[in-house]
Amino acid sequence: LMERKKCEQLWAKNKYLVLSKSQKIYLAIRQYLKSESVELIVLEEWIQEAMSLEERRQEVVNAYQHSWSYFKKVAQPNEKNEFLSLLERYQQSKVTKEKVLMYLNDLLEKYPNRYLEQSTIFKLMNDGDE
């Protein structure tokens, strides 16, 4: 039971990071976590595998749209427009994914969300700033 709890915590933290790399692995992990017994080591291996993948725009966009869903009820119309515009520019290779992430991070500071705050997708970026 302890193992499941640890798996769920690890997954909560890495969900969007994995999603930004591979929807396939994301769905596989979700399925795995529904099984009778789960092992942390298996989950860690999957997360590592996802982390090692090359950046694919569609996957990144998908993850950022998921993250955005936490803000859509509280964000102002101009913030929504800014986010969508950044996302579009990212898809056209005009801005980096970090730029979009920084914007989401700004929103997170303005509209705190406990679930998103523990997400490694934001932590990675913050670690790089220090």
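Structural notes, computed from the coordinates. Because the structure is predicted, anything quoted here is derived from the model rather than measured. (Residues numbered from 1 in each chain as written. Predicted model: local features only at pLDDT ≥ 70, side-chain atom pairs only at ≥ 80, totals over all residues. Heavy atoms only, no water.)

## Side note on the overall build of the chain
When its secondary structure is counted, the chain shows eight helices and zero strands. Relative to the 2.2 N^0.38 estimate, which gives 14 Å for 130 residues, the radius of gyration of the chain is 15 Å and therefore close to what a compact globule would have. Along the three orthogonal principal directions, the C-alpha set of the chain runs to about 45 × 30 × 30 Å. Within the chain, buried positions represent 41% of all 130 residues. In the chain, 66% of the contacts between residues at least 6 apart in sequence involve partners at least 24 apart. If you sum the accessible surface of the chain, you get close to 8,200 Å²; carbon and sulfur atoms cover 50% of it. Taking the average place of the 21 positive charges on the side chains of the chain and the average place of its 20 negative ones, the gap between the two points comes to 6 Å. (Helix = DSSP H or I, 4+ residues; strand = E, 2+ residues; numbered from the N terminus. Rg over C-alpha atoms; globule rule 2.2 N^0.38 Å. Buried < 20%, exposed > 50% of the residue type's maximum accessible area, 1.4 Å probe, protein only. Contact = heavy atoms within 4.5 Å. Areas by Shrake-Rupley, 256 points an atom, 1.4 Å probe, with all protein chains shown as cover. Lys, Arg positive; Asp, Glu negative; His and termini not counted. Charge placed at Lys NZ, Arg CZ, Asp CG, Glu CD.)

## Regarding the nonpolar core
Membership of the largest hydrophobic core comes to 38 residues, with the highest contact counts inside it found for V18, I29, Y64, F71, F83, V100 and L104. For this core, the elements supplying multiple residues, two or more each, are helix 1 (2-21), helix 2 (23-32), helix 3 (40-51), helix 4 (57-68), helix 5 (77-91), helix 6 (97-110) and helix 8 (120-129). Those residues in contact with F71 that sit more than four places away from it in its chain are L104, L107, L108, Y111 and L116. (Core = buried A, V, L, I, M, F, W, Y, C linked by side-chain atoms within 4.5 Å.)

## A word on the side chain of N62
In this fold, N62 is placed in helix 4. For N62, a relative accessible area of 14% gives the class buried. Other than its neighbours up to four places away in sequence, N62 contacts L19 and Q23.

## Thoughts on helix 5
Helix length check: helix 5 (15 residues) gives 21 Å between terminal C-alpha atoms against 21 Å at 1.5 Å per residue, within 8%. Every buried residue of helix 5 is listed here: E79, F83, L86, L87 and Y90. The arc that holds every buried residue of helix 5, seen down its axis, measures 100 degrees, which confines them to one face. The outward face of helix 5, more than 90 degrees from its buried face, is lined by the exposed residues P77 and N78. If you follow the buried residues of helix 5, they end up packed against helix 4 and helix 6. Just downstream of helix 5 lies S93, where phi reads positive at about 65 degrees. (Expected span 1.5 Å × (residues − 1). Arc of directions from axis to C-beta.)

## Details of the environment of E8
Following the sequence through the fold, E8 ends up in helix 1. You can call E8 partly exposed: its relative accessible area is 40%. Residues E8 and F71, spaced 63 residues apart in sequence, show a C-alpha to C-alpha distance of 23 Å.

## Quick word on the packing of aromatic side chains
Under the counting rule described, the total for this entry stands at six aromatic pairs. When the centroid spacing of 6.2 Å and the interplanar angle of 85 degrees are considered together, the rings of Y16 and Y70 count as edge-to-face. Placement of the pair is Y16 in helix 1 and Y70 in the loop between helix 4 and helix 5, with a sequence separation of 54 residues. Under the relative-accessibility criterion, Y70 is labelled partly exposed at 30%. With a centroid separation of 6.4 Å and an interplanar angle of 55 degrees, the aromatic rings of W68 and F71 are classed as tilted. Both residues of the pair, W68 and F71, count as buried. An aromatic cluster of at least three residues, connected via ring pairs, comprises Y16, Y70 and Y115. For the cation-ring pair, R57 lies above Y90, with the distance from its terminal atom to the ring centre recorded as 4.6 Å. (Phe/Tyr/Trp six-rings, centres within 6.5 Å; stacked < 30°, edge-to-face > 60°. Lys NZ or Arg CZ within 6 Å of the ring centre and 35° of its normal.)

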